[in-house]
Amino acid sequence: YGKIFAVLVRRRFWLLGGLTLGLVIAIVVNIVAKPKYTSSMRLLVESTYKSNSSSSSSFIDSNVQIDYATQLNLLQSSSMFQKAANLLVTEYPDISVNELQSLKIGMLGGKEAPTKIVEVQYTSKDPVKTRQVLRAFQKVYTDYNREQQEKRLQKGLAGIDDQVEKVRKSIADVTESLQEFRRRNNLFDAN
């Protein structure tokens, strides 16, 4: 250690000069470089439309299955980016779909332990813009989910209406048959 210490003492000016130069370069780069801000949010991609299987009086379709790969592809689709860009164009007229495609979208937990949560991140030099972009993207996704749920509900209600109509027709047929039976056999209602 003594030899190393002796070399360092002899070269102390070179060593201090190098450290000082590195520090000055780091300070200048930090001052000149504009900061980047990253915002992130998490979306639960499981449908709130699904109900507990324990409720027996549920009209909710138990066949609704969530395909998480499809949901992830949907989030990364250009139509979602276009809708978000349309929402943001009033505040940020120069925003484009290409810029929004820089969003990092991925399932939380990765491929090893995937979850039902998708994490979305956006990086920009404007901290307000990062939040606004994520809010617009969240609105587009929740509006899409709400629209899909309404379609499923309308389909379910149409099925119920069909069943009600069939039951009414069946009751009318049985009532008519009962009245015909009473006429043929000269029976009357004693009530």
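What you are looking at is a predicted structure, and each value in this text was computed from that prediction instead of being measured.

Quick notes on the overall build of the protein
For the protein, the helix and strand inventory stands at six helices and three strands. Scanning the protein from its N terminus toward the C terminus, one meets helices and strands in the order α-α-β-α-α-α-β-β-α. For the protein, buried positions account for 20% of its 191 residues. Long-range pairs, those at least 24 residues apart, make up 62% of the contacts in the protein with a sequence separation of at least 6.

Comments concerning the side chain of lysine 129
Assignment of secondary structure puts lysine 129 in helix α6 (residues 127-184). Side-chain polar atoms of lysine 129 contact the side chain of glutamate 99, separated by 2.6 Å.

What about the sheet that holds strand β2 (residues 104-107)?
Here we have three strands laid out as an open sheet, ordered β1-β3-β2, and antiparallel in their pairing. In the strand order of this sheet, the two ends are held by β1 (37-44) and β2, each with one partner. The sheet shows a mean angle of 20° between the axes of neighbouring strands, direction not considered. Judged from the four bridges that link them, β2 and strand β3 (residues 117-124) form a sheet pairing that is antiparallel. Looking across to β3, one finds that glycine 106 is bridged to glutamate 119. In the packing of α6 onto the sheet, the strands contacted are β1, β2 and β3, and the crossing angle to β1 comes to about 20°.

A word on the environment of lysine 125
Inspection of the secondary structure assignment puts lysine 125 in the loop between β3 and α6. Residues lysine 125 and proline 35 lie 90 residues apart in sequence; the distance between their C-alpha atoms is 6.0 Å. Non-local contacts of lysine 125, meaning those with residues more than four positions away in its chain, are made with Lys34, Pro35, Lys36 and Tyr37.

Description of the confidence of the model for the protein
Of the residues in the protein, 86% have a pLDDT of 70 or more, and the chain-wide mean is 82. Helix α2 (residues 12-32) holds the highest mean pLDDT among the elements of the protein, 93, whereas helix α3 (residues 68-75) holds the lowest, 79. Contacts for the low-pLDDT stretch residues 50-60, under 50 throughout, to residues beyond four places or in other chains number seven contacts.

Regarding the packing of aromatic side chains
Across all of its chains, the model carries one aromatic pair by this definition. Judged by centre distance (5.8 Å) and plane angle (25°), the rings of phenylalanine 81 and phenylalanine 137 are stacked. Linking phenylalanine 81 in helix α4 (residues 78-88) with phenylalanine 137 in helix α6, this pair joins segments that are 56 residues apart in sequence. On the basis of relative accessibility, which here comes to 3%, the residue phenylalanine 81 falls in the buried class. You can call phenylalanine 137 buried: its relative accessible area is 2%. We note lysine 129 situated over the ring of tyrosine 92; from NZ or CZ to the ring centre the distance is 5.5 Å.

As for the nonpolar core
Leu100, Leu103, Ile105, Val118, Val120 and Phe137 are the most contacted members of the largest nonpolar core, which totals 27 residues. Contributions of two or more residues to this core are made by β1, α3, α4, α5 (97-100), β2, β3 and α6. For this core, the element with the most residues is α6, which contributes six residues. Setting aside anything within four residues of it in sequence, one finds leucine 100 in contact with Phe81, Ala84, Ala85, Leu88, Ile95 and Val133.

Reading guide: rules and limits
- Residues numbered from 1 in each chain as written.
- Predicted model: local features only at pLDDT ≥ 70, side-chain atom pairs only at ≥ 80, totals over all residues.
- Heavy atoms only, no water.
- Helix = DSSP H or I, 4+ residues; strand = E, 2+ residues; numbered from the N terminus.
- Buried < 20%, exposed > 50% of the residue type's maximum accessible area, 1.4 Å probe, protein only.
- Contact = heavy atoms within 4.5 Å.
- Polar contact = N/O pair within 3.5 Å; in protein donor to acceptor, adjacent residues only side chain to side chain.
- Pairing = 2+ DSSP bridges.
- Axes fitted to C-alpha atoms, helices over the stretch in contact; angles between N-to-C directions.
- pLDDT = per-residue confidence, 0-100.
- Phe/Tyr/Trp six-rings, centres within 6.5 Å; stacked < 30°, edge-to-face > 60°.
- Lys NZ or Arg CZ within 6 Å of the ring centre and 35° of its normal.
- Core = buried A, V, L, I, M, F, W, Y, C linked by side-chain atoms within 4.5 Å.

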